[in-house]
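Here is what each chain is made of, one letter per residue.
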Amino acid sequence: MMTAPLRAGEITVPVALGARAYDIAIGRGLIGDLGKRIAALKPGASAAIVVDETVAAHHLKATEESLTAADVRAVPVKVPPGEATKSWRMLEQVCDRLLDARIERNDVIVALGGGVVGDLAGFAAAILRRGLDVVQVPTTLLAQVDSSVGGKTGINTRHGKNLIGAFYQPILVIADTALLDTLPQRDFRAGYAEVAKFGLLGDAGFFAWLEANWQDVFAGGSSSGSSAREHAIAIACRGKAAIVARDERETGERALLNLGHTFGHAFEAAAGFSDKLLHGEAVALGIACAFEFSTHLGLIPGNDAGRVAHHLAAVGLPTRVGDVPGLHVTADRLMDLIAQDKKVKRGKLTFILCRGIGKAFIANDVDAAQVHTFLAEKLA
Ligand code: GLY
């Protein structure tokens, strides 16, 4: 289902998935048009807004007003903030509350929030009444460029993160960049790691642009700042949309989006998935490791690893364990955590490595001993 731009300055990025194609609309103030867009896509539908209490305090009123102005019945379903919300218990509660509110098969779920709400609400949409349409309205930079796009939904279990879920594409993504104005600076910075990732994995020109323009991307708000921010989000979304269109279910190249994530997840786990190290910060640390490890393996001539670390550090992201207050971890512990990661196949480690900036590739056969040597040197 595609929609026409409703506002001047809006950027539309199509996700070309045949019968499941949809648009990502990017721009300031787009939440004001949410009701009109839902009414156009699904005449007569009600909209259940799944939102956490923190985001609700900032953005629920505007979302409800947008829906009711277009005669769309709005039903808020609030959940607590935080990763613990991605649980069986909350999934059950959300589904029951949607059924209590008589949300029907032709209605729509609006996932208003960051990655936690997007994943939980997207999964609820995938299974409730065997599948309801979902509109993703991401409210963090990380969600705008990554988790709201591409249809990965799910919850965590005691066995690990994201182990229960579904590929379930939204019918629309509304990335209202004005919503980022209320995002704490630390969260914005963490999301920026995923923006930079798109340059580093396949678009060296975009990375060079970020090196020159990152301050405008962070500034937002002003007219020049907001256009740089929207441009960066659009380029990242275009990169992700192209990969998802070619490999929706991650049988191949979609794994490139995991650049920095194998090392990053291990650091995140070592920090107890706590505020000590946010996901995007772990990704920055992981990206720095991936470039250094690629250099250690002789894959990158020159100093691209230094250039990457320099940029991430310039924006205030961690690139060394010592940059993370209170994080103490050994190479042995990281290797244990990496071995538990889902990217281990038949005893070999899978990493996303690089031949330079913008030249990432999937390496399925990485020798664990080399990873251990590298980590021991990095942590020394
Ligand atoms: N966040 C990685 C992916 O969507 O595949």
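Cut-offs used in this document
Residues numbered from 1 in each chain as written. Predicted model: local features only at pLDDT ≥ 70, side-chain atom pairs only at ≥ 80, totals over all residues. Heavy atoms only, no water. Buried < 20%, exposed > 50% of the residue type's maximum accessible area, 1.4 Å probe, protein only. Helix = DSSP H or I, 4+ residues; strand = E, 2+ residues; numbered from the N terminus. Arc of directions from axis to C-beta. Pairing = 2+ DSSP bridges. Right-handed = clockwise from strand over helix to strand, strands pointing away. Axes fitted to C-alpha atoms, helices over the stretch in contact; angles between N-to-C directions. Contact = heavy atoms within 4.5 Å. Salt bridge = Lys/Arg side-chain N within 4 Å of Asp/Glu carboxyl O. 1 Å grid on protein atoms, 1.4 Å probe; cavity = no way out; pocket = protein on both sides within 12 Å on 5 of 7 lines; lining within 4 Å. Points joined across faces, edges and corners; volume = space filled by probe spheres on them. Nonpolar A, V, L, I, M, F, W, Y, C, P; charged D, E, K, R; others polar.

Novice: Hey, could you run me through helix α12 (residues 331–340) in this one?
Specialist: Helical periodicity: at 3.6 residues per turn, an α-helix aligns residues three or four positions apart in one direction. Looking only at α12, the buried set comprises Ala331, Leu334, Met335, Leu337 and Ile338. Each buried residue of α12 sits inside an arc of 165° when the element is viewed along its axis, so together they form one side.

Novice: Which parts of the structure should I look at to understand the pairing of strand β3 (residues 47–52)?
Specialist: A regular strand carries its side chains on alternate faces of the sheet. With six of six residues buried, β3 lies mostly within the body of the structure. Residues Ala47, Ile49 and Val51 point to one face of β3 and Ala48, Val50 and Asp52 to the other, with burial holding for every one of them. By the bridge criterion, six bridges tie β3 to strand β4 (residues 74–79) in an arrangement that is parallel. Among the inter-strand pairings, alanine 48 is bridged to a residue of β4, identified as valine 75. Tracing the backbone out of β3, into helix α2 (residues 53–69) and back to the parallel element β4 gives a crossover that is right-handed. Here β3 pairs with strand β5 (residues 108–113) via five bridges, running parallel. Directly across from isoleucine 49, in β5, lies its bridge partner valine 110.

Novice: What is the right way to read the sheet that holds strand β9 (residues 172–176) from this model?
Specialist: The pairing of strands in a sheet happens through backbone hydrogen bonds and is either parallel or antiparallel. Pairing in this open sheet of seven strands is mixed, and the strands run β1-β2-β9-β6-β5-β3-β4 from one edge to the other. The strands lining the two open edges of the sheet, one partner per strand, are β1 (11–15) and β4. Taking the axes of each pair of neighbouring strands and ignoring which way they run, one obtains an average angle of 20° across the sheet. Summarising the sheet, β1 and strand β2 (residues 22–27) pair through five bridges and their orientation is antiparallel. Counted as the bridge partner of valine 15 is tyrosine 22 from β2. Relative to the sheet, helix α1 (residues 34–41) contacts β2, β5, β6 (133–138) and β9, its axis offset from that of β9 by approximately 170°. Packed on one face of the sheet, α2 meets β3, β4 and β5 and runs near 160° to β3.

Novice: Would you mind showing me how to read the pattern of salt bridges here?
Specialist: When the charged atoms of two side chains lie near each other, side chains of opposite charge can form a pair. The full count for this structure, using the stated rule, is 19 salt bridges. Here glutamate 83 ties to lysine 86 by a salt bridge, and the two come within 3.9 Å at their closest N and O atoms. For glutamate 83, a relative accessible area of 31% corresponds to the partly exposed category. For lysine 86, a relative accessible area of 5% puts it in the buried group.

Novice: I would appreciate a short explanation of the layout of surface pockets in the present structure.
Specialist: One water molecule sets the probe size; rolling that probe over the atoms shows where empty space is left. In this structure, the second largest pocket occupies an estimated 170 Å³ of space. Considering the residues around the second largest pocket, the lining is formed by 10 residues, among which Arg20, Asp133, Gln169, Pro170 and Ile171 are closest to the centre. Of the residues in the lining of the second largest pocket, the class split is seven nonpolar, one polar and two charged.

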